[in-house]
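This is what each chain is made of:
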Amino acid sequence: MARPLVADIDLDALCHNYALARELANRSRALAVIKADAYGHGAVESASALESLPEGQRPPALAVACLEEAEALRKGGIETPIVLLEGIFETQELSRVEALGLWMAVHSEWQVEALLSYRPARPIPVWLKVDSGMHRLGFPPEQVPAVWARLVTAPQYATDLQLMSHFATADALDSAYFDRQLECMRALAERLGAPLCLANSPATLARPQAHGSWVRPGVMLYGSDPLERPSAASRRLEPVMTLRSEIIAVRDLAVGEPVGYAGRWRAPRPSRIAVVACGYGDGYDRHAVDGTPVLVAGKRTVLAGKVSMDMLTVDVTDIPEADIGTEVVLWGRSRYGAVLSVDEVARYCDTISYTLLTGILPRVPRRYRRRA
Ligand SMILES: Cc1ncc(COP(=O)(O)O)c(C=O)c1O
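Residues numbered from 1 in each chain as written. Predicted model: local features only at pLDDT ≥ 70, side-chain atom pairs only at ≥ 80, totals over all residues. Heavy atoms only, no water.

### Points about unusual backbone geometry
Here is the rule we go by: Helical segments are the DSSP runs of H or I of at least four residues, strand segments are the runs of E of at least two, and each set is numbered from the N terminus. We call a residue buried when its accessible area falls under 20% of the maximum for its residue type, exposed when it is over 50%, and partly exposed in between, using a 1.4 Å probe and counting protein chains only.
The phi dihedral of His135 is positive, around 55°, even though this residue is not glycine. With respect to the helices and strands, the residue His135 is situated in the loop between strand E7 (126-129) and helix H7 (144-152). Note on His135: relative accessible area 60%, which makes it exposed. At Ala297, a position not held by glycine, the phi torsion is positive, near 50°. Relative to the assigned elements, Ala297 resides in the loop between strand E15 (293-296) and strand E16 (299-303). A residue is classified by how much of its surface remains accessible, and Ala297, at 8% relative accessible area, is buried.

This is how it looks when you write it as structure tokens:
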């Protein structure tokens, strides 16, 4: 029998979440952010599922971080336009950008120089990145009109030029900083007559005023709710990844007996402890504290003891049916119907869903599911 740990990927849930993004931003076009191997879900498989949606419902573009990610998608047969969110990393990449039919962000002077000295046979859509307050990538707002003027007068880039920026605080429901960034971008767009692409998942879900010509949802497509407090819309998201395993051993422990490395957890009562095939060598976060929720046979229980490389331990004292072979869901949807959100697990690991989802290692087989 094979090791029971798998990451089940529900491609219908992915399509459902993408449809929700489109519905919420129905005056914008919604690209699908599938960088970092579609946040750990498998970029080619995720893109194929989205590409197979009916005409008019599928993403008009996908987004990745770099050329290598785009190349892997093209090799996997994906034909949808792909935006490089950080553009090129060296000038020589431009010929591949053109050959693969990619679109690209431009955030630095050297990239502008490289573009202006390049003569593509067909125009390359360029998204000029503005640093409206994230202070990561992009041109400072005061430099943007001059850069825009140089690009818009270059025939190879003039037709599909637009402005993009990234929000630092779109997840916080009441953020003056968000308003400041939005205002900065609106003023620039108005002055230049430029289309805008601003909204990540939280802004797609909760900030219609920031939707612009394109939205750029990422984590919401995978069913994670990025908002500080869930909204009616974010409650409609469905989990895409279920990290599913089984119990491989069970122990009865007397009061005070420790479990695992350093004996971090000690039985507060006569306890049954189940050993589960999943550990930090699979990408489950070792920072998970005692009390981190887990579903065993569809019932909530908790992690008890430090996570090991290949195993973790859970308290099944109150789940008498738990035995070797019983289903354990670390996050996602149990066969018994219950759902454990990756966002909740992330809080117990002092992290965010993004790191848990992208952190699942290649040792864990991905199993792709379509509903009947
Ligand atoms: C430039 C850019 N746009 C969009 C996204 C998608 O963000 P989210 O996953 O929060 O929707 C990211 C993600 O990091 C990003 O870097």
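We are not done yet, so read on.
### Here's the deal with the site of the ligand
Test applied: One heavy atom suffices: a residue is near a molecule or strand as soon as one of its heavy atoms comes within 4 Å of it. Polar contacts, as counted here, are pairs of nitrogen or oxygen atoms within 3.5 Å of one another; within protein the pair requires one atom able to donate a hydrogen and one able to accept it, and residues that are adjacent in sequence qualify only if both atoms are side-chain atoms. Accessibility throughout is a Shrake-Rupley quantity obtained with a 1.4 Å probe, and a residue counts as covered only by protein chains that appear here.
The environment of the ligand is made up of 14 residues, and the closest members are Lys35, Tyr39, Ser201, Arg216 and Tyr354. In this structure, Ser201 approaches the ligand through a side-chain N or O atom, which is 2.5 Å from an oxygen atom. Computed on the free molecule, the ligand has an accessible area of 390 Å², of which 91% lies beneath the protein chains in the complex. Elements supplying a minimum of two residues to the shell around the ligand: helix H2 (35-40) and helix H9 (201-206).

### Considerations on the packing of aromatic side chains
For clarity, the threshold we go by: Pairing of aromatic side chains requires ring centres within 6.5 Å, counting the rings of Phe and Tyr and the six-membered ring of Trp. Pairs whose planes differ by under 30 degrees are stacked, by over 60 edge-to-face, and all others tilted. Any Lys NZ or Arg CZ found within 6 Å of a ring centre and within 35 degrees of that ring's normal is scored as a charge over the ring.
This structure, assessed with the given rule, holds 7 aromatic pairs. The interplanar angle of 40° and the centroid separation of 4.3 Å between the aromatic rings of Phe167 and Phe178 together place this pair among those described as tilted. Remark: Phe178 occurs in helix H8 (residues 176-192) and Phe167 occurs in the loop between strand E8 (161-164) and H8; sequence separation between them is 11 residues. When sorted by exposure, Phe167 lands in the same class as Phe178, which is buried. One aromatic cluster is present, built from ring pairs that chain together Tyr39, Tyr222 and Tyr354. A cation over a ring is seen here: Arg207 above Phe178, with NZ or CZ 3.9 Å from the ring centre.

### What about the nonpolar core?
In plain terms, the rule: In plain words, nonpolar cores are sets of buried Ala, Val, Leu, Ile, Met, Phe, Trp, Tyr and Cys residues tied together by side-chain atoms within 4.5 Å. Reported domain spans reflect what an automatic or database domain assignment gives. Residue contacts are counted whenever heavy atoms from the two residues lie within 4.5 Å of one another.
In terms of nonpolar packing, the biggest core is built from 120 residues, with Met104, Leu163, Leu243, Tyr284 and Trp331 touching the most fellow members. The element that contributes the greatest number of residues to this core is helix H1 (residues 11-24), accounting for 7 residues. When residues are assigned to domains, this core turns out to be shared by domain 1 (11-225) and domain 2 (241-369), each giving three or more. Apart from residues no more than four positions distant in its own chain, Leu163 is found in contact with Leu128, Val130, Val144, Trp148, Met185, Leu188, Ala189, Leu192, Ala194, Pro195, Leu196 and Cys197. In this structure, Leu253, Val259, Trp265 and Ala267 belong to the second largest nonpolar core, which totals 6 residues.

### Quick look at the UniProt feature "active site" (unreviewed entry) in the chain
We count it as follows: UniProt positions are given in the numbering used here, feature names are shortened, and annotations may be inferred rather than shown by experiment.
The positions that UniProt labels "active site" (unreviewed entry) are, in the present scheme, Lys35 and Tyr261. Spanning 227 residues, the named residues do not form one spatial group; their C-alpha atoms are separated by as much as 35.4 Å. Positionally, Lys35 belongs in helix H2. Not counting chain neighbours up to four residues away, the residues in contact with Lys35 comprise Ala63, Val64, Ala65, Glu69 and Leu85. When you line up the elements, Tyr261 lands in the loop between strand E12 (258-259) and strand E13 (265-266). Judged by its relative accessible area of 56%, Tyr261 falls in the exposed class. Once residues within four sequence positions are removed from consideration, Tyr261 is found in contact with Lys306 and Ser308.

### Quick word on helix H3 (residues 43-51)
Quick note on the threshold: Taken from the helix axis, the directions to the C-beta atoms give the arc we talk about.
Listed in full, the buried residues belonging to H3 are Ala43, Ser46, Ala47, Ala49 and Leu50. For H3, the angular spread of buried residues about the axis comes to 160°, placing them on one side. Of the surrounding secondary structure, the elements contacted by the buried residues of H3 are H1, strand E3 (32-33), H2, strand E4 (62-64) and helix H4 (67-75).

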